[in-house]
Amino acid sequence: VGGNALHVHGFGTEAFIYGGNFNGGKGSDGDDGLSIYALNAGKVHIYSGSFQGDIEVGDSSIVAFYGCFMKNASKVTGVFVDETNLDINVRLRNGGSVELISVSEQECETAPSASPTNFPTLSPQPTALRPNSGDKNGISLRFIFAAITCMHFIVGALL
């Protein structure tokens, strides 16, 4: 059996991959190793990289791909923000899952999908939060409440 390139194991364990080559080892009996093996609620965030060997996600673990990706059965294909292509087999077992996450730096021809739609779509660009907490007049209710509370204590101290 070939060795695994990256093993992420256990609740609270996270790996962030921003590039690199992850090559599962070659087994003498044809049983090659995995490029990534996540289990027991481990989480892997993949932003870029090259992967030789399947990915296995098991026991409530999550592998998240950031970019423009589609999943069809066990195959995940697409492109990362840095234009690195991905075409890999992902094996799921015992509640393991794959997340396909679009990013604002990249416009996708197709929205991330767990099944093909046969219709090209554009991924929506994420919207930024408004600095005034959504109040159109630019003043927040928290500020008004704080001002009234301060006035109450000042008046109470003067009496």
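Just above sits the structure.
Residues numbered from 1 in each chain as written. Predicted model: local features only at pLDDT ≥ 70, side-chain atom pairs only at ≥ 80, totals over all residues. Heavy atoms only, no water.

A. Geometry of unusual backbone geometry. Even without being a glycine, N40 presents a positive backbone phi close to 55°. Relative to the helices and strands, N40 is located in the loop between β3 (36–39) and β4 (43–52). Take N40: its relative accessible area is 32%, and that puts it in the partly exposed class. Positive phi is not limited to glycine here, since N94 has a value of about 50°. (Helix = DSSP H or I, 4+ residues; strand = E, 2+ residues; numbered from the N terminus. Buried < 20%, exposed > 50% of the residue type's maximum accessible area, 1.4 Å probe, protein only.)

B. Representation of the nonpolar core. Residues V44, I46, F51, I55, F65 and V76 are the most contacted members of the largest nonpolar core, which totals 21 residues. The set of elements that each furnish at least two residues to this core consists of β2 (14–23), β3, β4, β5 (55–58), β6 (62–72), β7 (75–80), β8 (85–93) and β9 (97–101). Ignoring any residue separated from it by four or fewer positions in sequence, one finds V44 in contact with V8, A15, I17, I36, A38, I62, V63 and A64. (Core = buried A, V, L, I, M, F, W, Y, C linked by side-chain atoms within 4.5 Å. Contact = heavy atoms within 4.5 Å.)

C. Looking closely at the pairing of β7. Examined bridge by bridge, β6 and β7 share six bridges and lie antiparallel to one another. Across the sheet, G67 pairs through a bridge with F80, a residue of β7. The antiparallel pairing of β6 with β7 creates a hairpin that spans two residues between the two strands, and A73 there sits at a positive phi of about 60°. Pairing between β7 and β8: five bridges, direction antiparallel. Within β8, the residue paired with T77 across the bridge is D87. (Pairing = 2+ DSSP bridges.)

D. The packing of aromatic side chains, seen in detail. Scanning the model with the defined rule gives five aromatic pairs in all. Measuring from centroid to centroid gives 5.6 Å for F65 and F69, while their planes differ by 50°, and the two rings are tilted. According to the relative accessible area criterion, F65 is buried, its value standing at 0%. Note on F69: relative accessible area 1%, which makes it buried. A connected cluster of aromatic rings, assembled from ring pairs, spans Y18, Y47 and Y66. (Phe/Tyr/Trp six-rings, centres within 6.5 Å; stacked < 30°, edge-to-face > 60°.)

E. Up close: the state of the cysteines. All chains considered together, the criterion is met by one disulfide. Across a sulfur-sulfur distance of 1.8 Å, C68 and C108 are joined as a disulfide pair. Measuring handedness by torsion sign, the sulfur bridge of C68 and C108 sits at about -85° and is left-handed. On the criterion of sequence distance, the pair formed by C68 in strand β6 and C108 in the loop between β9 and α1 (141–158) is long-range, its members being 40 residues apart. Accessibility classification places C68 together with C108 in one group, the buried group. (Disulfide = S-S within 2.5 Å.)

F. Up close: the environment of T77. Counting through the fold element by element, T77 comes out in strand β7. The class for T77 is partly exposed, based on a relative accessible area of 32%. Put simply, T77 and I88 are 11 residues apart on the chain and 6.5 Å apart in space, counted from C-alpha to C-alpha.

G. Quick peek at the side chain of S48. Residue position: S48 is located in strand β4. With a relative accessible area of 5%, S48 lands in the buried category. Polar contacts involving the side chain of S48 include one to the side chain of D82, which spans 2.5 Å. Excluding residues within four positions of it along the chain, S48 makes contact with I17, Y18, G19, F80, D82 and T84. (Polar contact = N/O pair within 3.5 Å; in protein donor to acceptor, adjacent residues only side chain to side chain.)

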